[in-house]
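Structure at a glance
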Amino acid sequence: MPRPNLKPARTDLDEQHAYMPRIPWKWIALAVLGVGTVVAGFQIKEQRRADQLRAQIVRVHEQELEPVSNRVLAFRSQLDALVVEAGTREPARFIDDRLKLSGLRSGQGLYLRLSAKDVASPKDIARGAATMNADAITRCLGITATSARALYERAGFLEPEWLEERRNEESVMKLRVADEMLAQHIRSDLPAILGMLDSDWFMLVIQQGENRRDHPVDVFLWDLRREQKLLSARIQARGALMPTRIRAQGKLAGAPVNPEQLRGAGAHDCSIASQIKAMDGFPAPEISSTLPHELTAGDTPGPEETPAVPE
């Protein structure tokens with residue numbers, strides 16, 4: 001059986017081919033050192049920039065905002081105390097003899113509506129205020145009030161916790177955003193917040209259920225200047241929207257009202273407002289109607305006085 005051709009080992013190879021190629025460790029080390037120097041320089045630069053931004057934020061907050069912050073937080077604490085106290089029990093029906101609701105128009109007022117589950121603590125109040133939406137109670141009372149929602153929703157940059165978070169922040173990007181947001185808060189939010197500190201009165205509505213149609217509300221009114229309660233009551237809305245279409249000769253009747261439109265909160269808010277007015281001596285409005293066949297002979301109107309008949 002023939003054997004395969006075998007080649008003997010050679011010993012005459014030069015050194016370059018006899019060993020693996022040499023690794024240029026010197027150049028690799030120099031490259032790593034160069035990259036490390038660049039990275040370290042960048043980190044030092046970023047750290048300095050972070051320190052500068054942090055110091056700037058702290059300086060503005062401590063030197064320029066601290067007096068304002070103390071006033072705002074003290075005022076908010078005053079409101080919180082009133083709200084927590086109001087939420088502890090069902091209010092007695094009370095109105096100060098000196099109160100004239102019409103006189104509220106000449107002063108500046110704050111208005112806040114909360115759910116009963118959001119009045120136990122300042123943290124709960126802030127959460128509830130942030131979800132407050134508009135209603136018609138003050139409009140139906142004929143008075144103008146500023147929503148106190150912004151006092152809780154937009155004043156976070158004045159709180160010590162906000163500044164403490166910025167003190168512990170290391171990210172340049174986050175500090176840069178915080179610096180820009182602080183400037184924006186000072187420019188756009190602070191004037192409105194400071195304006196609330198001059199409020200003369202504060203109205204609070206505590207909603208006892210999911211809506212103001214089926215569940216009562218607790219209404220409170222305070223004189224903030226004298227720190228006195230002016231009004232308190234638990235009120236059950238009795239409002240109703242009455243759809244009416246007027247028929248006129250030669251005219252097409254209007255489209256019927258969608259039943260869902262009758263469930264709006266406007267009528268219930270005005271019912272609450274009318275009952276508040278009744279406490280001040282204004283009789284609550286009532287609605288009644290007389291159908292044509294119920295009119296007596298002496299009450300029958302003439303041709304030009306024929307009443308419009310609801311359809």
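Below is a summary of the structure that appears in this document. Counting starts from 1 at the beginning of each chain's written sequence and moves along it residue by residue. Local features in a predicted model are, by the rule used here, given only for residues with pLDDT of at least 70; side-chain atom pairs are given and counted only at 80 or more, and totals for whole chains, interfaces and linings are based on all residues. As a rule here, side-chain values come from all non-hydrogen atoms in the structure, and water together with hydrogens is ignored.

1. Concerning the overall build of the protein chain
Put simply, the rule reads: Secondary structure elements follow DSSP: runs of H or I no shorter than four residues count as helices, runs of E no shorter than two count as strands, and numbering proceeds from the N terminus. Only protein chains enter the accessibility calculation, which uses a 1.4 Å probe. A residue is then buried if its area is under 20% of the maximum for its type, exposed if over 50%, and partly exposed in between. By definition, residues are in contact when any of their heavy atoms lie within 4.5 Å. Only the protein chains shown count as cover for residues, and all accessible areas are computed by the Shrake-Rupley method using a 1.4 Å probe.
Along the protein chain, the regular secondary structure elements total 8 helices and 6 strands. For the protein chain, the succession of helices and strands along the chain, N to C, is α-α-β-β-α-α-β-α-α-α-β-β-β-α. Residue burial in the protein chain is summarised as follows: out of 311 residues, 32% are buried. Partitioning the contacts of the protein chain with sequence separation of at least 6, the portion at a separation of at least 24 is 72%. Surface exposure of the protein chain reaches about 20900 Å², of which carbon and sulfur atoms provide 54%.

2. Points about the sheet that holds strand β4 (residues 201–207)
We count it as follows: Pairing between two strands is assigned when DSSP locates at least 2 bridges connecting them. Here the axes come from fitting lines to C-alpha atoms, over the contacting stretch only for helices, and the angles between their N-to-C directions go from 0 to 180 degrees.
Overall, mixed pairing links the 6 strands, which are arranged β1-β6-β5-β4-β2-β3 in an open sheet. The sheet is open, and its two borders are formed by β1 (94–95) and β3 (146–147), each paired with just one other strand. The pairing of strand β2 (residues 109–115) with β3 spans 2 bridges and is classified as parallel. In the strand pairing of β3, L110 is matched with T146. With respect to the sheet, helix α8 (residues 266–279) is in contact with β1, β5 (217–223) and β6 (228–235), its orientation differing from that of β6 by roughly 130°.

3. Digging into the pairing of β4
β4 sits mainly inside the fold: 7 of its 7 residues count as buried. Side-chain alternation along β4 places W201, M203, V205 and Q207 on one buried face and F202, L204 and I206 on a second face that is also buried. Where β2 lies against β4, 7 bridges are found, and the strand directions are parallel. Bridged to G109 within β4 is W201. With 7 bridges joining them, β4 and β5 adopt antiparallel strand pairing.

4. Some details on the state of the cysteines
Short version of the rule: Any two cysteine sulfur atoms within 2.5 Å of one another count as a disulfide.
Applying the stated rule across the entire model yields 1 disulfide. Disulfide partner of C140: C270, at an S-S distance of 1.9 Å. For the disulfide bridge between C140 and C270, the dihedral angle about the S-S bond is near -50°, and by the sign convention the bridge is left-handed. Separated by 130 residues along the polypeptide, C140 in helix α4 (residues 137–141) and C270 in helix α8 bring together distant segments of the chain.

5. Some words on the nonpolar core
The criterion, for reference: What is meant by a nonpolar core is a set of buried Ala, Val, Leu, Ile, Met, Phe, Trp, Tyr and Cys residues, joined one to another through side-chain atoms within 4.5 Å.
Counting 66 residues, the largest nonpolar core has L112, F202, L204 and L221 as its most contacted members. Counting residues per element, this core draws most heavily on helix α2 (residues 25–86), which supplies 12 residues.

6. Focus: unusual backbone geometry
At E227, a residue that is not glycine, the phi angle is positive and equals roughly 55°. With respect to the element layout, E227 can be found in the loop between β5 and β6.

7. Comments concerning the environment of S147
The condition is simple: Throughout this description, a polar contact denotes any pair of N or O atoms lying within 3.5 Å of each other; where both atoms belong to protein, one of them has to be capable of donating a hydrogen while the other can accept it, and for residues adjacent in sequence the pair is counted only when both atoms sit in side chains.
Looking at the element boundaries, S147 is found in strand β3. Sequence-wise, S147 and M132 are 15 residues apart; in three dimensions their C-alpha atoms are separated by 9.0 Å. In contact with S147, other than residues within four places in its own chain, are Y111, M132 and M196. At 3.2 Å, the side chain of S147 and the backbone nitrogen of R149 are in polar contact.

8. A look at the pattern of salt bridges
Threshold: A carboxyl oxygen of Asp or Glu within 4 Å of a side-chain nitrogen of Lys or Arg is what we treat as a salt bridge.
Taken as a whole, this structure holds 20 salt bridges when the rule is applied. Measuring nitrogen to oxygen at the nearest pair gives 3.5 Å for the salt bridge that ties R54 to E170. Taken together, the positions of R54 in helix α2 and E170 in the loop between α6 (160–167) and α7 (172–196) put the pair 116 residues apart, joining distant regions of the chain. Residue R89 pairs with E85 through a salt bridge whose shortest N-O separation is 3.1 Å. Among the residues examined, R89 registers a relative accessible area of 55% and is labelled exposed. Through salt bridges with shared partners, one network takes in K117, D118, D124 and R127.

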